[in-house]
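# An overview of the molecular structure
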Amino acid sequence: FASANTLQVMTKTPSFKEGKPVNINVGIKMGSFLTFNPYLLMENKIGKHFSTSISAEYLYTKGNYPYKLYYGGANDSISNERRKNADVSSFSAVAKVSYTYTSTSWHFKGYLYNAKKGLPGATILYSEPSKQRLDDDNYFLQSVYAHQFKKVVSYKNILKFNYAHTHYIDPKYHNSEGKIDNHY
């Protein structure tokens, strides 16, 4: 017995109201622990068959939420602490050009993502907080061409270039170098 599945997720193609060739969505989300998340989406219709879209988003959070640290059983000491090294700073952007004409479509997309994150680690009594960091970079370019020949016959060509880099560092690791510094 064998089984296989495929899931293909396609980015939404911009839709425009009559006489309105530009869509803009700008906003800011804010939250606890200095969470700040501005975003922008701009879509533009160029003629009958072309459209472009650009989106960008930034996220920052300090992540220093409070918690109680229990030193043993129910009758032992308790201290109020704050999470350390739990910050996140990330930026992502997408640019897309689309062409559609009757039974043919072509989409070209560029994407970038950059994130710097603290890894807070476990809370261990009488030890210093974690200093581990994780940095991610991801970029890709993608082209999708599709043509519908008849109702039951279609052709699709997808090309993609992807670059991903992860950097993990633990400056307090107990080995001969005194640290871990890995790149993937």
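Before reading on, note that the structure itself is shown above.
Residues numbered from 1 in each chain as written. Predicted model: local features only at pLDDT ≥ 70, side-chain atom pairs only at ≥ 80, totals over all residues. Heavy atoms only, no water.

## Digging into the overall build of the protein chain
What the protein chain contains, in helices and strands, is 0 helices and 10 strands. Listing the helices and strands of the protein chain from first to last along the sequence gives β-β-β-β-β-β-β-β-β-β. A globule of 184 residues ought to have a C-alpha radius of gyration of about 16 Å, yet the protein chain, at 24 Å, is considerably larger. Referenced to the eigenvectors of the C-alpha coordinate spread, the extents of the protein chain come out at roughly 75 × 45 × 35 Å. Counting every position in the protein chain, which comprises 184 residues, the buried fraction comes to 24%. Long-range contacts, defined as pairs at least 24 residues apart, comprise 47% of the intrachain contacts of the protein chain with a sequence gap of at least 6. Accessible surface computed for the protein chain: about 13,300 Å², of which carbon and sulfur atoms make up 58%. Charge-centre separation for the protein chain: the mean point of 23 positive side chains lies 14 Å from the mean point of 13 negative side chains. (Helix = DSSP H or I, 4+ residues; strand = E, 2+ residues; numbered from the N terminus. Rg over C-alpha atoms; globule rule 2.2 N^0.38 Å. Buried < 20%, exposed > 50% of the residue type's maximum accessible area, 1.4 Å probe, protein only. Contact = heavy atoms within 4.5 Å. Areas by Shrake-Rupley, 256 points an atom, 1.4 Å probe, with all protein chains shown as cover. Lys, Arg positive; Asp, Glu negative; His and termini not counted. Charge placed at Lys NZ, Arg CZ, Asp CG, Glu CD.)

## Points about the pattern of salt bridges
Counting across every chain of the model gives 4 salt bridges. One salt bridge in this structure joins aspartate 136 and lysine 117, with 2.9 Å as the shortest N-O distance. Of this pair, aspartate 136 sits in strand 8 (residues 132-148) while lysine 117 sits in strand 7 (residues 104-119), and the two are 19 residues apart along the sequence. Classification of aspartate 136 by relative accessible area gives buried; the value is 14%. Of the charged contacts in the structure, one is a salt bridge between glutamate 128 and lysine 172, with a shortest N-O distance of 3.2 Å. Of this pair, glutamate 128 sits in the loop between strand 7 and strand 8 while lysine 172 sits in the loop between strand 9 (154-170) and strand 10 (180-183), and the two are 44 residues apart along the sequence. (Salt bridge = Lys/Arg side-chain N within 4 Å of Asp/Glu carboxyl O.)

## Considerations on the side chain of lysine 109
For lysine 109, the location among the structural elements is in strand 7. Although lysine 109 lies buried, it forms no salt bridge, and the closest oppositely charged side chain, glutamate 43, sits 11 Å away as judged by the N-O distance. Sequence-distant contacts of lysine 109, that is, excluding residues within four places in its chain, are made with Thr11, Val94, Ala95, Lys96, Phe140, Leu141 and Gln142.

## Topic: the packing of aromatic side chains
Describing an aromatic ring pair means giving the distance of the ring centres and the angle of the ring planes. Considering all chains together, one arrives at 6 aromatic pairs under this definition. Aromatic side chains phenylalanine 50 and tyrosine 99 sit 5.0 Å apart centroid to centroid with 50° between the ring planes, which places their arrangement in the tilted category. Taken as a pair, phenylalanine 50 in strand 3 (residues 50-61) and tyrosine 99 in strand 6 (residues 88-101) lie far apart in primary sequence, 49 residues in all. (Phe/Tyr/Trp six-rings, centres within 6.5 Å; stacked < 30°, edge-to-face > 60°.)

## Thoughts on unusual backbone geometry
Located in the positive-phi region is phenylalanine 33, a residue other than glycine, with phi close to 60°. Within the secondary structure layout, phenylalanine 33 lies in the loop between strand 1 (22-31) and strand 2 (35-46). With a phi angle near 40°, threonine 102 is a residue other than glycine that sits in the positive phi range. With respect to the helices, strands and loops of the structure, threonine 102 is situated in the loop between strand 6 and strand 7. Residue classification places threonine 102 among the exposed positions, given a relative accessible area of 74%.

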